[in-house]
Amino acid sequence: MASHSNYQSLSEQLGQRIPNSGASDGDDDSVPLLMDKVPICSLAEIAHREIGYPSDAEKTFEFPGWNGYSDLLFAPMAPVEPVKTMASSTKLNQYMATAIAGNDLTSSVLYTIGVVSGVAGQAAPLCLLLVGIVLYLFRFVYGEACTAFPLNGGAYNVLLNTTSKFVASLAACLTILSYVATAVVSSTESVMYFTNIYDVDVMLFTCILLSFFALLTILGIHESASVALLIFAIHLASLLLLILVGAFFAVQNPHIFVQNLKNPMPLGFAKGLFYGFSTGMLGVTGFESAANYIEEQKPGVFVKTLRNMWIVVFVLNPVLSLVTMGVMDMDTIHAHHHVSLHVLFDCRSCA
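What you see is a predicted model, and the numbers here were worked out from it, not measured in a lab.

Draft legend 1. Examining the packing of helix H5 (residues 124–148) against helix H12 (residues 301–327) more closely. Where H5 contacts H12, the axes come no closer than 9 Å and their chain directions differ by 175°. Here H5 lies roughly antiparallel to H12, going by the angle between them. Classifying every residue of the contact of H5 with H12 gives 18 nonpolar, 5 polar and 2 charged.

Draft legend 2. Region of interest: the nonpolar core. The biggest cluster of nonpolar side chains holds 25 residues, and the ones touching the most others in it are Val116 and Leu320. Considering every element that reaches this core, the biggest residue donor is helix H9 (residues 221–252), with 6 residues. Within the second largest apolar cluster, 22 residues are counted, among which are Ala97, Leu105, Ala291 and Met309.

Draft legend 3. Representation of the packing of helix H10 (residues 254–262) against H12. Packing of H10 against H12 brings their axes to within 6 Å, and their N-to-C directions diverge by 100°. If you check the angle between H10 and H12, you find them roughly perpendicular. On H12, the residues that touch Ile256, Phe257, Asn260 and Leu261 of H10 are Leu322, Met325, Gly326 and Val327.

Draft legend 4. Local environment of the packing of aromatic side chains. Here the structure, examined in full by the defined rule, presents 9 aromatic pairs. Considering the side-chain rings of tyrosine 136 and phenylalanine 140, the 5.1 Å spacing of their centres and the 85° angle between planes classify their relative orientation as edge-to-face. With tyrosine 136 and phenylalanine 140 both in helix H5 and 4 residues apart, this pair spans about one turn of that helix. For tyrosine 136, a relative accessible area of 33% gives the class partly exposed. Through successive ring pairs, a cluster of aromatic residues spans Tyr136, Phe140, Trp310 and Phe314. The residue whose ring lies beneath arginine 139 is phenylalanine 140, and the NZ or CZ to ring-centre distance is 4.4 Å.

Draft legend 5. Spatial organisation of a nonpolar patch on the surface. A surface patch of nonpolar side chains, amounting to about 690 Å² of accessible area, comprises Leu126, Leu129, Leu130, Ile133, Tyr136, Leu137, Phe140 and Phe269. Broken down by element, the residue count for the nonpolar patch peaks at 7 residues, all from H5. Locating leucine 137 in the fold gives a position in helix H5.

Thresholds applied
Residues numbered from 1 in each chain as written. Predicted model: local features only at pLDDT ≥ 70, side-chain atom pairs only at ≥ 80, totals over all residues. Heavy atoms only, no water. Axes fitted to C-alpha atoms, helices over the stretch in contact; angles between N-to-C directions. Helix = DSSP H or I, 4+ residues; strand = E, 2+ residues; numbered from the N terminus. Parallel < 35°, antiparallel > 145°, perpendicular 65-115°, else oblique. Nonpolar A, V, L, I, M, F, W, Y, C, P; charged D, E, K, R; others polar. Core = buried A, V, L, I, M, F, W, Y, C linked by side-chain atoms within 4.5 Å. Buried < 20%, exposed > 50% of the residue type's maximum accessible area, 1.4 Å probe, protein only. Contact = heavy atoms within 4.5 Å. Phe/Tyr/Trp six-rings, centres within 6.5 Å; stacked < 30°, edge-to-face > 60°. Lys NZ or Arg CZ within 6 Å of the ring centre and 35° of its normal. Patch = residues over 30% accessible without salt bridge, like charges linked within 9 Å, V, L, I, M, F, W, Y side chains within 5 Å. Areas by Shrake-Rupley, 256 points an atom, 1.4 Å probe, with all protein chains shown as cover. Salt bridge = Lys/Arg side-chain N within 4 Å of Asp/Glu carboxyl O.

Here's what the structure looks like:
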């Protein structure tokens, strides 16, 4: 209401007329200051008054095309509320940001090792190494694209700014389906690993596990970041312990690895390498999800998050595949491809 009254007052002032300096007293050559309807400016209302032209002597000191003196009158509007942004101290550091996407990324290794070994045979470590090389190239492209548009949304945000809404919406729908499928597969695999310790209902406990992480998501990104970091640390420690135990067993029993190398590949080298590489890409699902919360990360953290996740994938997946081949024969890997890492830890079954 205040801005509207200011506008009406200014409009009345603009209705006045000021005579030109060159006009005689009897002549009515006055001109309106501005047109009758003055648009409201978002920051200020400006009145432009023509108060005459300079003399010829004064014109010599002015730039060509001088159009008379101007008097700008500003009527300031009410101050605009500043946009509230998240304080930098409350944003995620590289470890918490890595943990959130890293849990999704490293959970895929629980089923990727066995499945890749089933189609690629002894070429499984090479397939996973090629996946790491592709991911190394992809992280630079993805990092540059997302830092150019540092808004939550990941691939959807990038496509929305570079293509059409239809393409971006299609990518968003496919991304949601991918996340749902990944969550179901990962939670089911984790419960299947748990059934080797306690006999539980896989369907029921999968739903309970999904509900638990859904509750963490509802609580907010920062509340779940600490829990995600704890889970990520325990998960990495478990995998490193598994590698050490498996490597120790493989060194004591080198004939297992030698025999696996002599076995024929199920699909041949070329076809096995192709299918193994395609299946190995399952092991990097979750890498792209780091851009979905880029606004919650501190400045410069997103690129470090991609680097940290790539190191984890590039080291863990091929090494775990090699250790698996050094501990179990290929028939055992194929028979327990869903829980291959559990069988790997229980080295007594391979003795």
